[in-house]
Amino acid sequence: MACFSLTSVLLAAEEVAAAAETAESSGLLNMDRLPLLGVALFFIFAVVYWITVARSGGEIKVREIAGLKAIEEAVGRATEMGRSVLFVPGIQDVSEIQTIAGITVLSKVAKTAAEYDAKVEVPVARTLVMVTARETVQEAFLAAGRPDAYNEDLIYYVTDEQFGYVAYLSGMMVREKPAACIYMGCFYAESLILAETGNSIGAIQVAGTAMPAQLPFFVAACDYTLIGEEFYAASAYLSESPAELGSLKGQDLAKLLAFILIGAGALLATATQFVPSLQGAFDFFTGTLLG
Amino acid sequence: MLKRTIPMLLAMAAGIVMILAYFFPWLTPLQDQTTVWFNILAAVAFILGGGNLLKVHLKKVSDRREGWAYSMITLAAFVGVLVIGLFKLGVNPLDDFPAQRMAGDFRAEGSGFWYVYEYVFAPLTATIFSMLAFYVASAAFRAFRAKNFEAILLLSTAFVILLGRTAAGVFLTDFLPEEGMLANFRLENLTVWIMNNPVTAGNRAIMIGIALGTASVSLKILLGVDRSYLGGGD
């Protein structure tokens, strides 16, 4: 395996060297993406700057996220009722950033469950997610001082098939009636099937996703929903680590830049209607800067 | 070191390559190579998944836990399809190699695997998917209860959209002219306006937040600030 990897690295290095030679004539940088590189650098600078500020003791205030506060309540309820907590980390692999954000929330859920002595069940649709979730939950139980209570069999692989996974989860929910269902990750058509099944068994439900098309379904069927950005902020909110909170502030600065660009674009588009000579500037703005 | 630092460095290196390759075209081969590595890793993980599936369900059956019969069905289906696929049962040989049945494509029309897919798997998947229609109805019924101002607004907008997308909507406002100011109030036009303006604006606001959130989380992972994917901790 190591030999194979080394060969791959050498081959890749050769390919890069060959491509670099070709690129010398065509330019090293994709000039069409230069404005985006500028925006990316601004964003990186903003995030790194605020992480540094937060690490040096600067105060960062984050508004309360109701959905995340509800997690403790949900786990507590499950403990009182003697039932389990079902955690669904979406149907995508660990290469999907939403899955990683979901795993972060799982860490908090597992820690709370360890403290309350509640059972957290995590059926997954991807094997790499299973491995990651196991590591995370084990770490959370250790942090809660309950390493003995960790049971890796509760985090298991079901199937990669979207509707096979949904069929398993729906059946399991109806049979075992978990007291709380937490959906955090990337979801597609299965979002409403899961959330409605959870609703029908009277479970307290918290969802979080960055799939805009699925958000209305979760909002309609769940008690709390983390909408896109809130879902990504969950990691910082839950960890309370200055570095992570600082990144949220950097994100706000980037949002301000987006706000300014949208305002400038709207003004320019309006002005172009009255002053046709501004058409060139408008084309540059929409075609090059935003394109 | 082996459990945290090296995986973190690998993740950082792969992430940085992916970002840089977007701006610097000469890094594209390295980006492709990184993707291939992930695919290899995911393929190996399939074995892990199969093993875990067998372990969980065999344990359930052996312990006679509640619902063990479902586990039996799962195990039978798993082993059955695996045998059909691996041994290429029912596969027609290729024209070039009529004596070599194993040379045929296991997914080709008429093969055992194809039959399982077409006549068992596809109908089952379609059944689960079709349940969505009923869930949409029950969720809509709950969401559209006019209990406060926001819910009334949601209900009236949904009512306009639903009507505007049906023949009844067109019929109801047919008396309005097709041109001029009043044409905007025809239900089919009102629907298009709602979808193109308030809905798109709201959607884009969410999309901008999501895009920034995605970039921020990615950056935290690249900088090693967020290590939750390694099991958390410092």
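Residues numbered from 1 in each chain as written. Chains lettered and ligands numbered in written order. Predicted model: local features only at pLDDT ≥ 70, side-chain atom pairs only at ≥ 80, totals over all residues.

1. As for the overall build of chain A
Here comes step 1: Helix and strand counts for chain A stand at 11 helices and six strands.
Here comes step 2: Taken over the C-alpha atoms alone, chain A extends approximately 70 × 55 × 45 Å along its principal axes.
Here comes step 3: The buried share of chain A, reckoned over its 291 residues, is 44%.
Here comes step 4: Within chain A, contacts between residues separated by at least 24 positions form 70% of all contacts whose residues are at least 6 apart in sequence. (Helix = DSSP H or I, 4+ residues; strand = E, 2+ residues; numbered from the N terminus. Buried ≥ 20, exposed ≤ 12 C-beta atoms within 10 Å, placed from the backbone. Contact = placed C-beta atoms within 7 Å.)

2. Digging into the overall build of chain B
Here comes step 1: Helix and strand content of chain B: seven helices and zero strands.
Here comes step 2: Reading the helices (α) and strands (β) of chain B from amino to carboxyl end gives α-α-α-α-α-α-α.
Here comes step 3: Expected size for 234 residues packed as a compact globule is a radius of gyration near 17 Å; at 28 Å, chain B overshoots this value by more than 25%.
Here comes step 4: C-alpha atoms of chain B, sized along the principal axes, occupy 70 × 50 × 50 Å.
Here comes step 5: For chain B, with 234 residues in total, the buried portion stands at 16%.
Here comes step 6: Of all intrachain contacts in chain B linking residues separated by at least 6 positions in sequence, the fraction that spans at least 24 positions is 28%. (Rg over C-alpha atoms; globule rule 2.2 N^0.38 Å.)

3. Section: the sheet that holds strand β3 (residues 155–157) of chain A
Residues and elements named next belong to chain A.
Here comes step 1: The sheet built from six strands is open, its strands ordered β3-β2-β1-β4-β5-β6 with parallel pairing. Strands at the two margins of the open sheet, each flanked by one partner only, are β3 and β6 (224–227). Ignoring which end each strand starts from, the neighbouring axes of this sheet average 15 degrees apart.
Here comes step 2: Along the sheet face, helix α7 (residues 190–200) touches β1 (85–90), β4 (180–186) and β5 (204–209) and points at about 165 degrees away from the line of β5.
Here comes step 3: On the sheet, helix α9 (residues 229–239) packs against β5 and β6 and is oriented at approximately 90 degrees with respect to β6. (Pairing = 2+ DSSP bridges. Axes fitted to C-alpha atoms, helices over the stretch in contact; angles between N-to-C directions.)

4. Overview of the interface of chain A and chain B
Interfaces are often sized by the amount of accessible area the parts lose when they come together.
Here comes step 1: Counting residues at the interface gives 64 residues for chain A, matched by 55 residues for chain B.
Here comes step 2: For the side of chain A that touches chain B, the element with the most residues is helix α5 (residues 127–143) of chain A, which contributes nine residues.
Here comes step 3: Of the residues contributing to the side of chain A that touches chain B, the split by class is 39 nonpolar, 14 polar and 11 charged. (Nonpolar A, V, L, I, M, F, W, Y, C, P; charged D, E, K, R; others polar.)

5. Observations regarding the confidence of the model for chain A
Here comes step 1: Looking at chain A as a whole, the pLDDT averages 87, with 90% of positions reaching at least 70.
Here comes step 2: Residue range residues 1–11 of chain A is modelled with pLDDT below 50. Its contacts to residues more than four positions away, or to other chains, number one contact. (pLDDT = per-residue confidence, 0-100.)

6. Here we look at unusual backbone geometry
Here comes step 1: Residue D117(A) is not a glycine yet carries a positive backbone phi of 65 degrees.
Here comes step 2: Judged by the 10 C-beta atoms lying within 10 Å of it, D117(A) is exposed.
Here comes step 3: Of note in this structure, K88(B) is not a glycine but carries a positive phi near 50 degrees.

7. A look at the domain arrangement of chain B
Here comes step 1: Once the domains are mapped, chain B shows domain 1 (1–66), domain 2 (87–143) and domain 3 (146–234).
Here comes step 2: Between the C-alpha centres of domain 2 of chain B and domain 3 of chain B there is a distance of 35 Å. (Domains from an automatic or database assignment.)

8. Comments concerning the domain arrangement of chain A
Here comes step 1: When its domains are assigned, chain A resolves into domain 1 (31–60 + 249–289) and domain 2 (66–239).
Here comes step 2: With centres defined by C-alpha atoms, the gap from domain 1 of chain A to domain 2 of chain A works out at 35 Å.

9. A look at the packing of helix α1 (residues 5–23) of chain B against helix α7 (residues 187–222) of chain B
Residues and elements named next belong to chain B.
Here comes step 1: Relative to each other, α1 and α7 sit at 135 degrees, their axes nearing to 9 Å. Judged on the interaxial angle alone, α7 and α1 are oblique. Here α1 contributes A11, M12, G15 and I16 to the contact with α7, which in turn contributes S218, I221 and L222.
Here comes step 2: Its residues placed into classes, the contact of α1 with α7 shows five nonpolar, two polar and no charged. (Parallel < 35°, antiparallel > 145°, perpendicular 65-115°, else oblique.)

10. Side note on the packing of helix α4 (residues 97–116) of chain A against α9(A)
Residue and element names in this part refer to chain A.
Here comes step 1: Two numbers describe how α4 lies on α9: the axes approach to 9 Å, and their chain directions differ by 35 degrees. α9 is crossed by α4, and the crossing has left-handed handedness. Contacts between α4 and α9 pair A101, T104, V105 and K108 from the former with F231, Y232, A234, S235 and L238 from the latter.
Here comes step 2: The residue makeup of the contact of α4 with α9, split by class, is six nonpolar, two polar and one charged. (Left-handed = near helix turned anticlockwise from the far one by under 90°.)

11. Focus: the environment of R126(A)
All names here are of chain A.
Here comes step 1: Mapping R126 onto the fold places it in the loop between β2 (120–124) and α5.
Here comes step 2: Residue R126 is classed as buried on the basis of its C-beta count, with 27 C-beta atoms lying within 10 Å.
Here comes step 3: When the C-alpha positions of R126 and V158 are compared, they lie 8.0 Å apart, and in sequence the two are 32 residues distant.
Here comes step 4: Residues within four places of R126 in sequence aside, it is in contact with D93 and D160.

12. Digging into the environment of G185(A)
Residues and elements named next belong to chain A.
Here comes step 1: Secondary-structure assignment places G185 in strand β4.
Here comes step 2: Residues G185 and V105, 80 residues apart in the sequence, show an inter-C-alpha distance of 9.6 Å.
Here comes step 3: In this view, G185 contacts V88, P89, G90, Q92, Q98, T99, G102 and T209; residues no more than four positions away in its chain are not counted.

13. Topic: the pairing of β1(A)
Along a regular strand, successive side chains alternate from one face of the sheet to the other.
All names here are of chain A.
Here comes step 1: The buried fraction of β1 amounts to six of the six residues, a majority that puts the element mostly inside the structure.
Here comes step 2: Between the parallel pair β1 and β2, the chain is carried across by α4, and the sense of this crossover is right-handed.
Here comes step 3: Both β1 and β4 contribute to a ladder of five bridges, which runs parallel. Across the sheet, G90 pairs through a bridge with C186, a residue of β4. (Right-handed = clockwise from strand over helix to strand, strands pointing away.)

14. Looking at the confidence of the model for chain B
Close inspection of predicted coordinates is inappropriate for parts of the model with low pLDDT.
Here comes step 1: Mean pLDDT over chain B: 89, with 97% of residues reaching 70 or higher.
Here comes step 2: Here α1(B) stands out as the least confident element of chain B, with mean pLDDT 88; helix α3 (residues 68–86) of chain B is the most confident, with 94.

15. Topic: the pairing of β2(A)
Residues and elements named next belong to chain A.
Here comes step 1: The element β2 is largely enclosed, with a buried count of four among its five residues.
Here comes step 2: Examined bridge by bridge, β1 and β2 share two bridges and lie parallel to one another. Of the residues in β2, the one forming a bridge with V85 is V120.
Here comes step 3: Here three bridges tie β2 to β3, and the two strands are oriented parallel to one another. By the bridge assignment, V122 is partnered in β3 with I155.

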